[in-house]
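# A look at the structure
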Amino acid sequence: MCCGGLLITGRSLLWFLVTLVACMTLFGAIVLPKWLIGPEEIQIPSLEGNYTIIRHPSVGIYNRCKRMGHSEYNCGNFDLYGLATDTTIFPFAWKITMFLMCLGNLLLGCTLICMLVTCCRMHSICGFSTHKLLGIFQGIAAMMELCGYMAYPFGWEEARVKILCGLDSEPFAPSDCKLGISIYLGAIGTVLAFISAMLSAKAESAFFSAKAQRSIEEGQVLVCVP
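One structure accompanies this document, and this report is about it. In this numbering scheme, every chain counts its residues from 1 along its sequence in written order. This being a predicted model, a pLDDT of at least 70 is required before a residue's local features are given, and a value of 80 or more before pairs of side-chain atoms are given or counted; all residues contribute to the totals for chains, interfaces and linings. Hydrogen atoms and water are omitted, and side-chain values are computed over all heavy atoms in the structure.

### Comments concerning the packing of helix α1 (residues 10–31) against helix α5 (residues 181–207)
Note the threshold: Comment: axis = line fitted to C-alpha atoms, over the contacting stretch for helices; angle = value between 0 and 180 degrees taken between N-to-C directions. Under the DSSP-based scheme used, a helix requires at least four consecutive residues in state H or I and a strand at least two consecutive residues in state E, with every element numbered from the N terminus. Each angle receives one of four descriptions, namely roughly parallel if under 35 degrees, roughly antiparallel if over 145, roughly perpendicular if within 65 to 115, and oblique otherwise. What makes a crossing left-handed is the near helix being turned counterclockwise from the far one by less than a right angle; a clockwise turn instead makes it right-handed. The classification used treats Ala, Val, Leu, Ile, Met, Phe, Trp, Tyr, Cys and Pro as nonpolar, Asp, Glu, Lys and Arg as charged, and all other residues, Gly among them, as polar.
Closest axis-to-axis distance for the α1/α5 pair is 8 Å, and the angle between their directions is 160°. As the angle between them shows, α1 and α5 are arranged roughly antiparallel. The handedness of the crossing between α1 and α5 comes out as left-handed. Its residues placed into classes, the contact of α1 with α5 shows 14 nonpolar, 11 polar and two charged.

### Some details on a nonpolar patch on the surface
This is how the line gets drawn: Every patch collects residues that have over 30% relative accessible area and no salt bridge, joining them within 9 Å if they carry like charges and within 5 Å if they are nonpolar side chains (Val, Leu, Ile, Met, Phe, Trp, Tyr). All accessibility values rest on the Shrake-Rupley procedure with a 1.4 Å probe; residue burial counts only the protein chains present in the view. Should a side-chain nitrogen of Lys or Arg be within 4 Å of a carboxyl oxygen of Asp or Glu, the pair is scored as a salt bridge. Per-residue accessibility, obtained with a 1.4 Å probe over protein chains only, is compared with the maximum for each type, and a residue is labelled buried under 20%, exposed over 50%, and partly exposed between these values.
Nonpolar side chains collect at one region of the surface, where M143, L146, M150, F154 and F172 lie side by side and expose about 460 Å² of accessible area between them. Here M150 is to be found in helix α3 (residues 130–151). On the basis of relative accessible area, M150 is assigned to the partly exposed category, the value being 38%.

### Focus on the packing of α1 against helix α2 (residues 92–119)
For any two helices packed against each other, the geometry is given by the interaxial angle and the distance between the axes. Spelled out, the test is: Contacts were defined at the residue level, with two residues in contact if any of their heavy atoms lie within 4.5 Å.
It is the contact of α1 with α2, at a shortest axis distance of 10 Å, that shows an interaxial angle of 155°. The orientation of α1 relative to α2 falls into the category roughly antiparallel. Seen along the crossing, α1 lies across α2 with a hand that is left-handed. Note on element contacts: α2 touches α1 through M101, C102, N105, L108, G109, T111, L112, M115 and L116, opposite W15, F16, T19, L20, A22, C23, L26, F27 and I30. Its residues assigned to classes, the contact of α1 with α2 comprises 14 nonpolar, four polar and no charged.

### A look at a negative patch on the surface
Rule in force here: As used throughout, the charge tally considers Lys and Arg to be positive and Asp and Glu to be negative, leaving His and the chain termini uncounted. Each charge is placed at NZ for Lys, CZ for Arg, CG for Asp and CD for Glu.
On the surface, E157, D168, E170 and D176 cluster together into a negatively charged patch. Position of D176 among the secondary structure elements: in the loop between α4 (159–165) and β10 (178–179).

### Brief notes about the packing of aromatic side chains
Just so we agree on the cut-off: Only rings of Phe, Tyr and Trp enter the pairing, Trp through its six-membered ring, and a pair is recorded when the two centres are within 6.5 Å. The plane angle decides the type: under 30 degrees is stacked, over 60 is edge-to-face, the rest tilted.
Overall, the coordinates contain seven aromatic pairs when judged by the stated rule. Centre to centre, the rings of F78 and W94 are 6.2 Å apart; their planes meet at 40°, and the pair counts as tilted. On the criterion of sequence distance, the pair formed by F78 in the loop between β7 (72–77) and α2 and W94 in helix α2 is long-range, its members being 16 residues apart. F78 sits in the buried class, given a relative accessible area of 4%. Note on W94: relative accessible area 0%, which makes it buried. Pairwise contacts between aromatic rings join W35, F78, F90, W94, Y149, Y152 and W156 into one cluster.

### Focus on the nonpolar core
How we decide: Definition used in this section: a nonpolar core is a set of buried Ala, Val, Leu, Ile, Met, Phe, Trp, Tyr and Cys residues joined via side-chain atoms within 4.5 Å.
In this structure, W35, L36, V59, I61, W94, L108 and Y152 are the most contacted members of the largest nonpolar core, which totals 37 residues. When contributions to this core are tallied by element, the ones reaching two or more residues are α1, α2, α3, α4 and α5. The residues contacting I61, other than those within four sequence positions of it, are A29, I30, W35, F78, F90, W94, T97, M98, M101 and Y152.

Written as structure tokens, this is what we have:
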């Protein structure tokens, strides 16, 4: 419960929304097996039998979709033992990607929850500005996401990718494979995470604006300013 009332600014709301979208896009990038799309076409008869569904094998950070049998299309995980999975099955570079992106997104999600504290007019923690602290943590999270994202292409020379994309596959050159939606979600989410860290300063300046502080001094419980 916010005993001192609520203070909501347009900039803090924008900060919250950008961070929320960053968390959602990064989560989508992590869980979707669509980082690389293979050239093979898998034809799957529909249940009605009157048309055919075309699918392509693909791979993500820790999961894949591929042909099973003659026409069955199956998606599943290959990190059977988590980060302890053999590197011939789960490439070391992708373990780094999974660890850093999951940790970064978890930290970003924690800052998202802590933003609600700033709406309760709590402007400092142990003498440190709440907005600045959250901005620093968001910057750290964004750097984790960036490092994890950049580590992924170094696994493209592994046997798993060569089978999917072709023998010419190498870091940053996936041969016959196309980049999937997860690659773009990861890039967008990482950029938004950096933007969130920068928006924390804008949210702090709006928090301490003359109009906001004047409304607080007048005893208003709910203060909303642009």
